[in-house]
Structures are given as C-alpha cells and as structure tokens.
Amino acid sequence: MGSNMAECHPVAFRWPMKAKLNGAKIIHVDPRFTRTSAVADFHVPIRAGSDIAFLGGLINYVVHSERWNKDPFFKDYTVHYTNLATIVNEDYKDTEDLEGVFSGLVGYKEPDFWPFNGFLGRYDNKTWQYERGPKPAGPSTEEIIKKRGSFDDLLRSLRKGTAKTDPTLQHPRCVFQLLKKHYSRYTPEIVEQICGCSKEKFLKVAEALLENSGRDRTTAFAYAVAWTQHTYGVQIISCCALLEQLTGNMGRPGGGIMALRGHAAIQGSTDVPTLYHSIHGYMNAPSAVRPHDTLRDYIAAETPPTGYWANGPKWMVSYLKSVYGDAATAENDFGYDWHPKILGDHSHMACFAAMNEGKIKGACIVGQNPATSLNGTATRRALRQLDWLVVKDNWLTETATHWYLAPEVKSGEVKVGDIKTEIFFFPSTQIAEYDGSYTNTQRMLQWHSMAAKAPGDCRTDSWFYHNLAKRLKKAYAGSKLPRDEGWNKVTWDFDPDPGEVPLYPGEISALKVLREINGYMTGNPKQHLKGFGELKDDGSTTCASWIYCGCFPAWDQNLTARREPDPPGVPGAHLKWGWAWPANRRNIYNRASADLNGNPWSERKRWVWWDPNFVNPPDPKTGKKVPNGKWVGYDVPDFTLTMPPSHKGNPDGIIMEPLSGTDAYIMRPEGKGWIFVPAGLVDGPFPTHYEPHESPVQNLLYPKQQSSPVHKVWSQGKPWNPLAAAVGDPKFPYVITTYRLTEHYLAGAMSRWLPWLSELQPELFIELGRGLAKEKGINNLDYVIITTPRSHVRAKALVTDRIGVMKVAGKTIHHVGMPWHWGWMGLSTGDVVNDLTAWVGDPNVSIHEGKAFVCNVEKA
Amino acid sequence: MPEPMGFFTDTTVCIGCKACEVACKEWNQLPARNGGVGELSGDSYDNTRKLDGIHWRHVRFIEQFKGPYDGRWLMMSDVCKHCVQAGCLEVCPTGAIIRTEFDTVVIQSDVCNGCRACIAACPFGVIDINPVSGTAQKCTLCYDRLKVGLEPACSKACPTDSIQFGTIAELRTRAHKRVDQLKAQGVKAELYGADPQGALGGLNSFYLLVDEPEVYGLPRHPQLPSRHLAKSSTFSAASAAVLGVLALVGLRKRRMDEMGGGGGGGGGGAGGQN
C-alpha cells in the first residue's frame, strides 16, 4: 500500500518476486492498476487518501476475529511487547467522544519572528499520557540544571512514575479497550463507502493478513511516498505500525514495514541529515522555540530518562565534540551555545513561503529541481524574489532556466527584465564519478568507488560545500562578533592528508568524512570507536553520528566496503555485505522474533534467540565471571546481549536499568512498542480517518471534522496558494493522484536528458478511465486540460481501464492520475504537473499533499 | 564447443521496467529513435513499439480488461529468437549471418550489404536496418560478452529474472518446472519455442506465456521462408525472382565496397532505406 514498488523500486522488487516464487502472496492496494498490480496476486483499488479507513478496517477486523482472540500468540506478543495493556489517564478523550478531534486541541497563532509554520491548530498532549504511579523522589530537574549536575542525575530527575497496566486487557482505559472503541465504526461496509472498494475485496485482504500472521507466518507492508504525501501521512504509517504490532509482525523475519525511500541515498540524507529539524542520528535540532536554553535544558526537554534513547547525552556530547573539537569543553557545555537553533518550520514549503515574502535573500539548490515541484507557480514566484540563486546540477534544469523559459515568462505575464535574481550554475558530477558511501532503504551503507572522471568542470557536492566552508571560514576569521564565534569555532578538516591524491582539484577526502561520522577517541583520532556503546558524555569520545558509529571500527577497516554475501541456503542476514545501522543490525527490534522465554516463535521464523548455555568470557573491565547465557542468532540481536528473558528491571533505575528481559522495543522508554502513541506525533495518539484537504466527499465518519484539525497550510489567503475547491466542488469533481514512472526519475534531471530513457516515455500524459473519457468525448491521445484552483496543465490522454470510476459515499467518483516528471527542459518535455498541487501538508513532517486532491479534466 | 546458449523469458515475472531495453542499448551503443525526442504512442506504456535495427530488445504491454480495474496487464520482453533453423541465415546472400559456437545467430555488420533479405525472411519481424550502420541488425545475444564469459546485458540487468540466460538444456528444465508450478496454481501457462521438435527446430530464446502467442505478437506457426518455396510453384518462382534480385543487389553492393575500399555502410544504408 502507498507504494508502486515494481515501478519505483524495480531493483528492490526482485525480492518480493523471489518471495512470490517461493509461495508468498503479493497484495497491491492502490488507486491505480500499475505494473506492481500486474504481478500481484490481487489488486484492490481504493480512492487516493482513504488509506486510514482501509487500515482501520483491518484493525477492527483483527481485534474482533476469532483467531486473534483465541491464538495465544497474539496476546503474548501484544501484552508483553507493546503498550496494549497500558492504562491511559482519565482525562483522555477520543475522536469518538469529541466528534473527530482528540482532547487537548488548542488554537495556533503564528509567531511574528517566523510566521511560516502553517499549523491550522495544535494539540496539547497532556491528556494522552499513561496513568502512572507516583514520581520517584529526588532533586528536581530545575535544581540539577541550575547546579550543572551530571547527565545521569538529570535523567534521574526526569523519571516518571511507573505506567499502570492491565494484562487482562479488561480495564476500560487500557489501550486495547480504547483501540477497540476508536476503530469500532471502521466496518467493512464503511471501508467500502469511504475507500470505494468492494466489501468482498477488503475482506479478502483482511483474511489473508490474519491467516498469514502468527507464530509460523509473517506479513510485511511496503510503502513509499504515496503514504507520506498527505495531510495525515505520518498517521497512515503509524496506523500500519499499529496493525503490524497488533498482529505480531514487527521485529520478525518477513514482517515489519518497509519504508521504500525515493532515492539511493535519501536514507543517508536523513541519517546524517540535510533536514532542518534534526541533527545527526535523529536527535532533535536545538530550537529557539523549545526550552533549549542550555545543554542540560535541551537534554531535559528531548531525552526520555529510560530506554535506549536515554543515552542521548553521550551522543549529543560526542556530536558537539565533532563539531567544535578542542574548543568544546565540559565548562562551556561542549560549545552547545554556539550551535545554531531553529526558529520553527524551515522545511521546503515553509522556506518557499518565506521566500515569497522576501524573507530569504539567497538559495543554493543542489540535487533538486523546485521549479517543477509543489505548487510550481508559487515556487517559481518565490525564486523570482531572490537576490541570488545557485543551481548545482547535471543539466540546466527548469530551476536554472525558469527566468526565461517558465510558462509565466513565455506567456508574458512575467517580464525577464523585472527579475532581479542573479543566478549561478555549477555543473555537477554523477554518482559514478566520485568515491563515497550511500545508505539505502535498508539502512545499509555501501561504499562505492569512482568509476569514471567527470567531464569538464563538474564537481561533487562535497567539493562545493567544502570549498564554500573554507572560504567562509577565511572570510569570518577576523570577526570578533559574538554571532560569528560559533562558526569560527567549527572544526573543518576534510582536506586529504599528505600523500592522499584528491579525485578532483580541491576535493575532500571522503574516507576522512566517514571516519569523522564513525567517531574516535578524542585523545587519539587514529583509535576509532567500535560502536555507540563506547560513547561517553564527558568529551573523551568524538562522533558525528552515533547511529553510524561502528561502520569504520578501526583506522583501516571500512566495513561499508564489504561485499561478501551469505552463501545460498542460509537465512541470509548478509552481515558481511556493507554495514547497516544500528550496529550492523538488519532487522530492528528483533528481540520480538523470540517468545517470552527467548525461544524462536517457531522454527520457520527463527531469527535471534536466547542461548542459555552460552559461555561468556569474564567482564573485560572487572575481570568478574559473567553468568552463562547470551542472545544469539542470524542477525545482530537488538537487545542487551547477556540479559536473560527472565530478567526483572529495576523500576527506579535510568536508561536500560528499568527494562526487563521481555522489553523488546528498547528504544521506547518503557521497552514496549507503541500501539497508542502518547508523545512524538502532533496530530493524535491513534490514527483517524480524515479527508484530504481537497476532497469530493464529506468525512463519513466525522461529518463535523472534514480534515485533520492540525494539518498545515502555508501562505494561507495569499494569491499564490489558492485553495478554492470546497468539499464536493462541482468545478473540480475528480480525484487526482500524482506519481512516478519507472522510465523517469523524480523531477527529471537524471532521465529527461537521456535519449535512451526519454524515448521510453517521451511525453507527459494523464491516465483516465474509459467512463470519464466517454463522458467528456476524449479519445486516446487527445490533448486535455487539467485544472485545479492553482493552475492548469495540458497533457495527452492515455485512456485505460487501469484507473477508473469508484463508488464513494454513494457518489460516483472518477479517479485520474498523472506522472509528475516533466518540465520544459531536456529531450522529453511536458507541462509541470506540480503546478496543480497546493502548499498544504502533514503537521509532523511538513510534506505536501501531492497524492490526493481534486481537479477538472476537459478536452483541449 | 560450448553448449547451445540462449534465453528463457518468464513473462509472468516481468514488471515492464524496460531495464533490458536500456541495458541492451547501452552495451551495444544503439541510438534512441530521433535522439530520444518522440511522441507518446498511446499504446499502454509501450513507446518503442517493435524490435528493429536500433531496438534489439522490446517490452510489449498488453492490457486485457473487461472494465475498470477488472483484468490483467501482461508484459513481455521480446528479442531475436536465435532460431535453430534460422530463416535470416538461410536467405542471407552475403554470408553475413552466421551461427556461432554458442548456437546463436549473429549478423556480421561488416559483411552485411543491407540487402534486407533477412528482414523479409524473419518470421518474427525481429530484424531491421540500423540507420547508423546502414546494415541489418538485431540482437547478437551479446556475442562479444559471451566470448569473454559474461552473460548478456539484458538478462544481467533484469531485476526479477524474467529474462534468464543459460544453456538451453538447463533453461528448458527450469521452464518446465515453472510451468508445472503455475499450472498447480491454476494458471494457464505454456512454453513457446521450447520444443526442439517444434517450429524451426526450437528457439534458443523461448518464452513462458499465459495467453495465446498472437496476443504477444508471436506467430503461432513460425515458418522458414524456404517452406513457402516448396508449397507453391508460382509463389516459389516469384520468391526466387525476388531473391535473385536481392542477390544481385548484394553482389553489386559487395563489388562497390571492393571498389570503394570499404565505407560501404553508408551506401548500403542509403540503399536499404529506399
């Protein structure tokens, strides 16, 4: 669901096809019958944007099924490994109580200093918390911060009382009962009404899912951006996570959720982030609008006191040592005050909204083609407000040429002479033209070597930023201004060592960067860290990204360069192929692949298990004997290796001390997977069906709450982001979804210029059903005009039965779809489909709603 | 002598990604039609439409639907069949088309005079003139790669192993197993060209199909051109006349090449395109 894996991840799709040959069933739930549907065992068409109704229907089906209630596996898994038995405090009110909103909904007002956050509302999640015993005694967090106490004391002060549970699942406020109530109206009939798929098809999926979950069998979900690009995208994924935990599929071989990332190294770009809101290893970025005044304030605000995340101070201090080097000391909080702080939402659309209002003066556009993305008309208008623009790409993309070739310039609406932006173009290398690592969707780092020299002056992105940084360091070197102190203290040492020949003049040493990311002993950079377990919060270790710690465990040991597959006939964790974070673990939360006693749930699904007879060597530090017993298996166990399944945690402890031998979800503060999400998501503890921002139908479940109450709308009321489509607006009667094709790549810079790819899909098209084509007198290959409140585009019609009509809430709704790869440059050209999309998005991650909106279609 | 080698294409696992088309073009340095600038064909996701002198691999898309979302979408990567009894080889007047030590059929571009006889003779419509060389061209089963122990570019690139490369004996065993597996699942699956007693002595590129061959654009009874000669004397005479003319063209061409000291590619191309 939410993925067209065969088309968009054809290489990875090798494995589902292998599984199919071995007897696995592939089910494709998608508004379109795609190349994935073509090889699936069955395809279930649902209306774009109705995924939570479908998944909620599956949840409702599962909890009321005989199998789930009778087979002890499901209760064993969920009661012990998830928070299904946890009791939620009595002030919590569900969407079923409040007609579509959760308790804690408050208004949102944009702050003057950065009014580009877009929230329509906000939740205070106080009422979503567990019911807890008394908070352990001890000094308060404020006191510890004030006297600059130790990080461990700080964590101790953050402890909450133990959460109350009811393992019988009978308590009316336990998560299970709340869950049952929350999804009670998601019946097969309502799924049919909202999703537009037949009840029979839905039930076929539900039966297959349940039948294929349990001790002996597992079910996996694969999703991609068709789940993220919604005003409730994170909740769709969360809903799937809920279902996978409920059915005991998480942390087990063949189970879980595969997040198919859109690009070979996009996983890497969030791990070692180009994201504004997180720093390396998914630590939250220090923020001026959060209580982050000092390092201890930051840790108090961002670190749970228990569970593995409670090691955060070690990761943060080691990260600051990497940024500021010798200048980072315990006395100056390791340079924390120098670290930049965010002011709010600085994501793509927020920045382009700010750019439109003249708040951003210059932009570097690298590896991206925004002139063809997300409400392209507004985006190009924003680009025209800039003083300067740098575009670094393989070709002169639409972003580099918008000033003289954009549709609004060609139509005369915008005069070239009125654009004051100075635009610089830097030719770029391709991936095969340099050394480096990329991280794939499996969290696996693979080193690659240069295959060919780049032509002419093409340079890498690292070359660009490395040399920019060096010049900026030089420019600010003399400054005594306090605001420049941080920049002047940043260490920047990526020039190749003497004797190492750079790939291009002025190029960095890529190995040196990976070494810095892996980390080393501060006193001896040649002594690499072997894993994040070695990180310290006293400055003695330096590590840019804790999750990558261990990929380069010795000066001459780059594990990402390994290429040794497992031999045929073994389960195939392939631990010697590249290196996967964390700790080279291929399947996370894999303690859950064993039962409460540490034995595999079944022989067929063996992955990691407790070996009680394993003879452990004595503790290297104390020399003391370690009792027998260890977690072993095909994969790197995701658990404290010598903690027996019978271990009882110390409820008064911090970090891992309170966790027991069955607390499989070690990253969660209580060691349990979150079926109910008390914190972390801004739009609710349970996924709930809302309609997209633009929808042809009313929300059937919550007529008073059409869309998510807290989703984002940027530039609301501004002429460049018109949102005029009312619910069921007859001017825009059709549901439209946008997508990619195998033959082209993203905004086209890597495919539309290549003859071999361009001839395969030479022109933009719209896929529409025969019914709509007949109604509108459109023949195959006719030009049609597609209109939304933002803009209109022209495309050729591809009339097909692979997309079509659906019966939704008693209405007949036509569904159409358009690939969005095109622009006016390159060999294969076409209108910019993203000119149709709006600046509305998800409140958690600020991604736009490009997968479900409404439009009109007319013959041109 | 190495064993006969070839392809087994299992269409049931083809995802229509066209990696085979691109890998073929990249390895063999074949140009895109009109430099890559083209128009949408309107025929499902197929925009290259057929095998020809610059498309040695072609992925066919067949939409079979009774109504919205109600049907199936078949995909098949097509290529030269490397027939055991090859019509092209039979008619080639210049001896440009040879059978290799791998039992594959290869057109030697430097010997081809562009006479087009093979184009007419191929029962599968595989061959055409490559406008760059001016000679008749088609899949070589990556003869150059086979010579150095590499598998052909297309099968190497196929992510789902829809295109499988190997010895014909091994591929046939695999193919029969797969048919049995599909039949057990209730799928109507048949092999096309796997039978050494069948048409053209068997095809060294054979297929697993789930519908009639015609649906995939494959002739049910592919025949050698010489069969037509035997059937009807009038037709035979006409064919002989055509072949005679072609042979003359071929001879003339060869003589021209000899006189011109090579560079025949362009001339042949011009002739071929008439």
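Calculation criteria
- Residues numbered from 1 in each chain as written.
- Chains lettered and ligands numbered in written order.
- Predicted model: local features only at pLDDT ≥ 70, side-chain atom pairs only at ≥ 80, totals over all residues.
- Pairing = 2+ DSSP bridges.
- Helix = DSSP H or I, 4+ residues; strand = E, 2+ residues; numbered from the N terminus.
- Contact = placed C-beta atoms within 7 Å.
- Nonpolar A, V, L, I, M, F, W, Y, C, P; charged D, E, K, R; others polar.
- pLDDT = per-residue confidence, 0-100.
- Domains from an automatic or database assignment.
- Axes fitted to C-alpha atoms, helices over the stretch in contact; angles between N-to-C directions.
- Parallel < 35°, antiparallel > 145°, perpendicular 65-115°, else oblique.
- Left-handed = near helix turned anticlockwise from the far one by under 90°.

As a further point, take the sheet that holds strand 15 (residues 524-528) of chain A. All names here are of chain A. Reading across the sheet, the three strands line up as 15-14-16 and stay open at both edges, with antiparallel pairing between neighbours. Every other strand in the sheet has two partners, leaving strand 15 and strand 16 (541-542) as the edge strands with one partner each. Pairing geometry for strand 14 (residues 520-521) and strand 16, over two bridges, is antiparallel. Considered in strand 16, the bridge of Met521 is made with Thr541.

Turning our attention to the interface of chain A and chain B. Tallying the contact residues gives 37 residues for chain A and 32 residues for chain B. Of all the secondary structure elements, the ones that give two or more residues to the side of chain A that touches chain B are helix 2 (14-21), helix 3 (35-39), helix 24 (755-758) and strand 24 (792-799) of chain A. If you tally residues by element for the side of chain A that touches chain B, the top one is helix 24 of chain A, at four residues. Per-class residue counts for the side of chain A that touches chain B are 19 nonpolar, ten polar and eight charged.

So, about the confidence of the model for chain B. Residues and elements named next belong to chain B. Residues with a pLDDT of 70 or more make up 83% of chain B, whose mean pLDDT is 87. In this model, residues 230-242 is a region of pLDDT below 50 whose contacts with residues beyond four sequence positions or in other chains number four contacts. Residue range residues 244-274 is modelled with pLDDT below 50. Its contacts to residues more than four positions away, or to other chains, number 42 contacts. Taken together, the chains of this predicted complex give a pTM of 0.94 and an interface ipTM of 0.94.

Partitioning chain A into structural domains gives domain 1 (5-102 + 173-262), domain 2 (267-338), domain 3 (443-585) and domain 4 (712-859). Between the C-alpha centres of domain 2 of chain A and domain 4 of chain A there is a distance of 41 Å.

Another aspect to go through is the packing of helix 4 (residues 51-63) of chain A against helix 11 (residues 199-211) of chain A. Residues and elements named next belong to chain A. Closest axis-to-axis distance for the helix 4/helix 11 pair is 10 Å, and the angle between their directions is 55°. If you check the angle between helix 4 and helix 11, you find them oblique. Taken as a pair, helix 4 and helix 11 cross one another with a handedness that is right-handed. Residues Gly57, Leu58, Tyr61 and Val62 of helix 4 lie in contact with helix 11, whose contacting residues are Phe202, Ala206, Leu209 and Leu210. Residue classes in the contact of helix 4 with helix 11 are distributed as seven nonpolar, one polar and no charged.

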